[in-house]
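# Fold and contact review
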Amino acid sequence: VPAIRLRNLTKTFGSKGFNETRAVDGVDLDIRQGEFFSMLGPSGSGKTTVLRLIAGFELPTSGTIELEGADVSGKAPFQRDVNTVFQDYALFPHMSLVDNVAYGLRVRGMKKAERRERAIESLERVQLGKFMQRRPSQLSGGQRQRVALARALVVEPKVLLLDEPLGALDLKLRQQMQIELKELQRSLGITFIFVTHDQEEALTMSDRIGVFNNGKLAQIGTAHEIYQRP
Ligand code: ADP
Ligand code: ADP
C-alpha cells in the first residue's frame, strides 16, 4: 500500500458565488512508503492546503485521504501518524531545546525520564546534543531548523510533512540543510512530503516531484522526467 493515497481531493474556501476559491481541485496522488516526495508550484497553487489536509488541520470539501490504506479523511491531526515541520519553526522561546523536543511526547502519556531520554536521542540525531540546555534564541537559524526537525521526529511518525522548512535560511545554509535532510530521510526510511516553490531544491532532493498549478496536480514524475522532457 502507498504511504499516502489522495482520491479526488478537493478543498474550497469561501462560499459559492462569494469569494469562492478552489484551493485544491480534484487531486489524485499516491505517495510511496519511504519516498522523498516534493510538491512544487507557484504561490497560491494549493501545495500548503494539500499538506494541511494530509495533516488534518483542514478537512476536505470532498474526496478521501488514506494513510497506509486506512481512510483518515475525517480524523483529527493527533489520530494520524504524521507530523509537520513549518517554515517558522514554532519553537517555545522560554524552554530549553530538550524541553522543546520532549514536549511532543507529553500528550502521549510517557514518563518524564523517558521523554527526556528520547528527546536527547533525537537532538543527537541532528547534531545538537551538546546544546540541549540552550534556549532557541541562543541558536542560529539552521540550528533552530534542526530542533524543529528533532521535535517532529521524536514521535517517530510514519510520514513527515515539511512546509518550506528551509525558506528562512540563507543560500549556503539552505544547501547544507538540503543534504542533511536528505541523509536523515534516507537513514530513517520515513516518507517525506516536502513543499517548495524552488525548482532547484525539488530537483536535488526528491525521488519524485508533483507539480501543482491552480489547485491541480499538473505533472508528476522523477526530476529527470519533469525537467528532461524532449
Ligand atoms: P501554496 O501553498 O501553493 O502557496 P495555498 O494552498 O496556500 O497555496 O493556497 C491555495 C489557494 O487557496 C490560494 O488562492 C489561497 O489564497 C487560498 N487559501 C488558502 N488557505 C485559505 C484559507 N484559509 N481561506 C481562504 N483561502 C485560502
Ligand atoms: P504559503 O507560504 O503556502 O503561501 P500563506 O502564507 O499563503 O502560505 O498562508 C499561511 C496561512 O494562511 C495558511 O494557514 C493558509 O491556510 C492561510 N491562508 C492563505 N491564504 C488565505 C486567504 N486568502 N484567506 C485566509 N487564509 C489564508
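These numbers were taken from a predicted model, which means no experiment stands behind them.

## Brief notes about the site of ligand 2
Around ligand 2, the structure places Ser43, Thr48 and Arg52. Contact between ligand 2 and threonine 48: an oxygen atom at 2.5 Å from a side-chain N or O atom of the residue. Coverage of ligand 2 by the protein chains reaches 26% of its 560 Å² of free accessible surface.

## Quick word on the nonpolar core
One finds Leu123, Leu149, Leu160, Leu162 and Leu181 to be the most contacted residues of the largest nonpolar core, which totals 36 residues. For this core, the elements supplying multiple residues, two or more each, are helix H2 (97-106), helix H3 (112-125), helix H4 (141-153), strand S7 (159-163), helix H5 (171-188) and strand S8 (191-196). Those residues in contact with leucine 181 that sit more than four places away from it in its chain are Leu149, Leu162, Leu166, Phe192, Phe194 and Met205. With 25 residues, the next largest nonpolar core counts Ala3, Leu9, Leu29 and Leu161 among its residues.

## Regarding the pairing of strand S9 (residues 208-213)
Counting buried positions over the 6 residues of S9 gives 5, a clear majority of the element. Inspection of the sheet shows strand S3 (residues 36-40) paired to S9 by 4 bridges, in the parallel sense. Along S9, the bridge assignment pairs leucine 40 with valine 211. As defined by bridge partners, S9 adjoins strand S10 (residues 216-221) across 5 bridges and the pair is classed as antiparallel. Residue pairing across strands places glycine 210 opposite isoleucine 220, the latter belonging to S10. Here S9 folds back onto S10 in antiparallel fashion, the turn holding 2 residues, of which asparagine 214 has a positive phi close to 55°.

## Brief notes about the side chain of glutamine 178
Looking at the secondary structure, you find glutamine 178 in helix H5. Judged by relative accessible area, which is 12%, glutamine 178 ranks as buried. Not counting the four nearest positions on each side in its chain, glutamine 178 is found in contact with Leu166, Glu201, Thr204 and Met205.

## Thoughts on the sheet that holds strand S5 (residues 70-71)
On the basis of which strands lie adjacent, the open sheet formed by 4 strands has the order S2-S1-S4-S5 and antiparallel pairing. Pairing within the sheet leaves two strands with one partner each, and these edge strands are strand S2 (18-31) and S5. Contacts between helix H1 (residues 47-55) and the sheet are confined to strand S1 (4-15), S2 and strand S4 (62-67), with S1 contributing the most and set at about 115° to the helix.

## Observations concerning the pattern of salt bridges
Taken as a whole, this structure holds 15 salt bridges when the rule is applied. Between aspartate 25 and lysine 216 there is a salt bridge, with the nearest N and O atoms lying 2.8 Å from each other. Of this pair, aspartate 25 sits in strand S2 while lysine 216 sits in strand S10, and the two are 191 residues apart along the sequence. A relative accessible area of 18% means that aspartate 25 is categorised as buried. Two residues, arginine 174 and glutamate 201, come together in a salt bridge whose shortest N-O distance is 3.0 Å.

Conventions adopted
- Residues numbered from 1 in each chain as written.
- Chains lettered and ligands numbered in written order.
- Predicted model: local features only at pLDDT ≥ 70, side-chain atom pairs only at ≥ 80, totals over all residues.
- Heavy atoms only, no water.
- Near = heavy atom within 4 Å.
- Polar contact = N/O pair within 3.5 Å; in protein donor to acceptor, adjacent residues only side chain to side chain.
- Areas by Shrake-Rupley, 256 points an atom, 1.4 Å probe, with all protein chains shown as cover.
- Core = buried A, V, L, I, M, F, W, Y, C linked by side-chain atoms within 4.5 Å.
- Buried < 20%, exposed > 50% of the residue type's maximum accessible area, 1.4 Å probe, protein only.
- Helix = DSSP H or I, 4+ residues; strand = E, 2+ residues; numbered from the N terminus.
- Contact = heavy atoms within 4.5 Å.
- Pairing = 2+ DSSP bridges.
- Axes fitted to C-alpha atoms, helices over the stretch in contact; angles between N-to-C directions.
- Salt bridge = Lys/Arg side-chain N within 4 Å of Asp/Glu carboxyl O.

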